Structures are given as structure tokens and as C-alpha cells.
Amino acid sequence: MAIGQASTFSEIPLSVPLFQGNEWKYLKECLDAGWVSSAGSFVDRFEREITSAVEAPYAVATVNGTAALHIALKTTGLEPEEEVLVSDLTFIAPVNAIRYCGAHPVLVDSDPSSWQMDTERLEQFLQEGCVFKEGKLFNRKTLRRVRTILPVHILGLTCEIDRIAALASQFRLSVVEDAAEALGVRYQDRHVGTFGDVGVLSFNGNKVVTAGGGGMLVTRHKELARCARYLTTQAKDDDFESIHHEIGYNYRLTNLQAALGVAQLEQLPAFLVKKRWIAQSYADRLKDLEGLTLMPVPSHTEPTFWLYTVLLPEGTALSQRNRILMGMREQGIGARPLWHPIHGQPPYQKCEVLGGEIATDLYHRGISLPSSVGLSEEELTRCVEVFRQEFRVSG
Ligand SMILES: Cc1ncc(COP(=O)(O)O)c(C=O)c1O
């Protein structure tokens, strides 16, 4: 079995949902009432409950997080041929969303201690690589307008979002926070996704809370929320005549998905306790392995450790990492490498990249371990045993 072909159906998967609450009850309510599509009370209820979970006044539900990112960028005014500063080490969705707008990503390397967007490098680029002309910021090299910062809070940790928001305000940029992996994560006692102009959550099947598929935009700005709701519902201006003054999208979440999401969200506090227990248990049982780096906790952060991830010792070859991963997968453990940095992905190899070496190093050494909210103590023990055994063999 080659690394790219490894089965998704591991005995102990990487991250799968747990349905032990009102999921069946709420789905049945939708079916009994006949409200299965985008109209229906669960969609509004899911939005309301997200606003209180993240403490943002407005939330707009979408079919998935990628659609929410697309709309978030549009509502903050991003135009074709403008540029967006985005994390280099991330799942690809936010970078694709930039291209859906016809704009260009500028990839920002990771901070080696937090693994998130490197704020120093971001600041250096804004100070030295850009220039203001008539109140607008331009990239000196490409001559394109720089419009937005899109930091991605990866793995249930946080970027230095207060500093990023301050830089955005100094350089007159908007901020779209990708908090797809960060439901429940707080920075300086405030939920991530609420520091920028718009934040985005995902309810994909592998997230802490799932709606099967689903996303949410959260914002403090009434007008942005109105615009997002308009664009995600085909930009309909007149219900009776079906008049559309703009090109909209069919991005609204369905009632069935929202029903699942509401039931899952009720269990969020318990899920977060479990996530933190999983992280602490891995940390306690792996901390003695020489050269292994445990998952960091960035300062001022209350993390959720969405996927508990460790770094193999410095200088580990890719082949060695793959041997460990394959060894684990052959024994039924669904461990996974970190994402390939965006600067090496075929559609993005020509993008401007600020650094990239740290993201590459993290990719070479990172292994995410099974972290499902339903993971039992016995399963965790098995994951630890198999990881330790493969680590020793490879060392
Ligand atoms: C960082 C990040 N952004 C965006 C997304 C996209 O969300 P969705 O899968 O709901 O489209 C994901 C993953 O699902 C993600 O991990």
C-alpha cells in the first residue's frame, strides 16, 4: 500500500463524529414536517446558537466552510487581481476560495513555535514589500493591490490574531479568519473568528461538531451579514418576481444539515472536554520519546487540539516519516501527515511565498494522531503503543 493510497477506513480513524445526542430526534422532526431544504427552523436556530457559542452578533449558515470563505472574501470587497495574504501551511480550501474570487494568494510561512501564520514575516512584508498609493496598499513586486489577510487557525490552535488584526488596521486591510478547525478555541478569552471582519467555521464530518457538511460565517458587522445572506441565497431581490440584481450562489445550508448541527452543538462542551483529555493523554504518554516535539499551546490560547499532532525529530527524512505512517496504517491506526504546504501544490507553485521553509519542515515531520471525540481509552492506548513501536523502529 502506497502512502497516497492508504485506506480511509482505519480501525481507529483520524477524526470521525459521535452521534449520541438529539441527532435522530431532530432529523426526524425535519422529515415529519417535510422541511428538508434550505427553508426551515433549524437553519435559523443553528445560526442563533452559533452566535451565542462564539459571541458574535451575526451568523450566516452555508453549505460548507469553503463556500463560507468564498462569500466572506466577497463581502469584504475583494476584487479580481487583488492579493490576499494567507497561511502557507493549511488545508487548501481558503487558498482556493481566493482564486474563486479571481484574486491571488501571497503565502505566509509558519511560526516554528506555534505552527501558525508567522506574524513577524507578515509584518516585514507589509513594512518592506508594500507601498501606499492614494490610501491603498500595493505589493512593490507584483504591483497588485493587497486587500486582505486570511490567517488560518490550524489544528485547533490559534494565530496571533490580535497582532494580525492590529496590522490589518494599520495597513488598511480586511481580515477573514479561517476558524474552520477552531470551533471552541479562544484567544485572550475571546472565540477565534471574531477578531477580524468575518470568521468562518466548518461542520465537515471530521470537525469537532458536524452537520454532515456545513459552514458558517460569523461577524460583528450587520451589513456584512446581510450581504452574505443575500449572496448565499442566489442574490434574490424580489421573492415574487424573482429579480436578481447580482450574481448569487446557491450556498445556503439545508434544514437537514442544520438539524444535525444543532444536535451536535448541544454536545460541544462535552466534546471539548474529551478533546483536551485526548491531547493531555497523548502528551503524557509520548513526552519521554527523545527528539519528539509535542503539540504546542500558543500563548493566550485555550486550544481544542482538533487533531493532536506531533513533530518527529529534526532532520527526519520524508521516507522515515512515511515508514512510521504506513506502519501505523497497516496496524489499523488512521494517522496522517500534515498538509503539503500550498507553495508546493501544482496550482500554486508560481505564487509569491514569504519563506516557506518552516512550513516544509513541519510537513516533513508532522504526524496527526487519531483524535475523534468518541476515542476510547483502550483505543488511545493502542495508538500510543503503535506510534511508540514505529518511532523506535524508525529511529
Ligand atoms: C482550515 C480549513 N479551512 C477550510 C476548510 C473547508 O471547510 P469545508 O470542508 O466545510 O468546506 C477546512 C476543512 O474542512 C479546513 O480545515
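It should be emphasised that the depicted structure is a prediction, and the values quoted were computed from it without experimental measurement. (Residues numbered from 1 in each chain as written. Predicted model: local features only at pLDDT ≥ 70, side-chain atom pairs only at ≥ 80, totals over all residues.)

Each full turn of the α-helix corresponds to 3.6 residues, which orients residues three or four apart in the same direction. All buried positions along helix α7 (residues 222-232) are accounted for by Leu-224, Ala-225, Cys-227, Ala-228, Leu-231 and Thr-232. Considered in projection along α7, the buried side chains sweep an arc of 165° and stay on one side of the axis. Residues of α7 that are exposed and point more than 90 degrees away from the buried face comprise Lys-222 and Glu-223. For α7, the secondary structure elements touched by its buried residues are β1 (58-62), α3 (65-75), β10 (198-202) and β11 (215-219). A positive backbone phi angle near 65° is found at Gln-234, which sits one or two residues after α7. (Buried ≥ 20, exposed ≤ 12 C-beta atoms within 10 Å, placed from the backbone. Helix = DSSP H or I, 4+ residues; strand = E, 2+ residues; numbered from the N terminus. Arc of directions from axis to C-beta. Contact = placed C-beta atoms within 7 Å.)

To continue, consider the domain arrangement of the protein. Looking at the protein, the domain boundaries give domain 1 (23-265) and domain 2 (268-394). Taking only C-alpha atoms, the centre of domain 1 and the centre of domain 2 are 25 Å apart. If you look at the interface, domain 1 gives 38 residues, while domain 2 gives 34 residues. Elements with a contribution of two residues or more to the side of domain 1 that touches domain 2: β3 (104-108), α5 (119-128) and β8 (186-187). Tallying contributions element by element places β3 first for the side of domain 1 that touches domain 2, with 5 residues. Tallied by class, residues from the side of domain 1 that touches domain 2 come to 20 nonpolar, 11 polar and 7 charged. (Domains from an automatic or database assignment. Nonpolar A, V, L, I, M, F, W, Y, C, P; charged D, E, K, R; others polar.)

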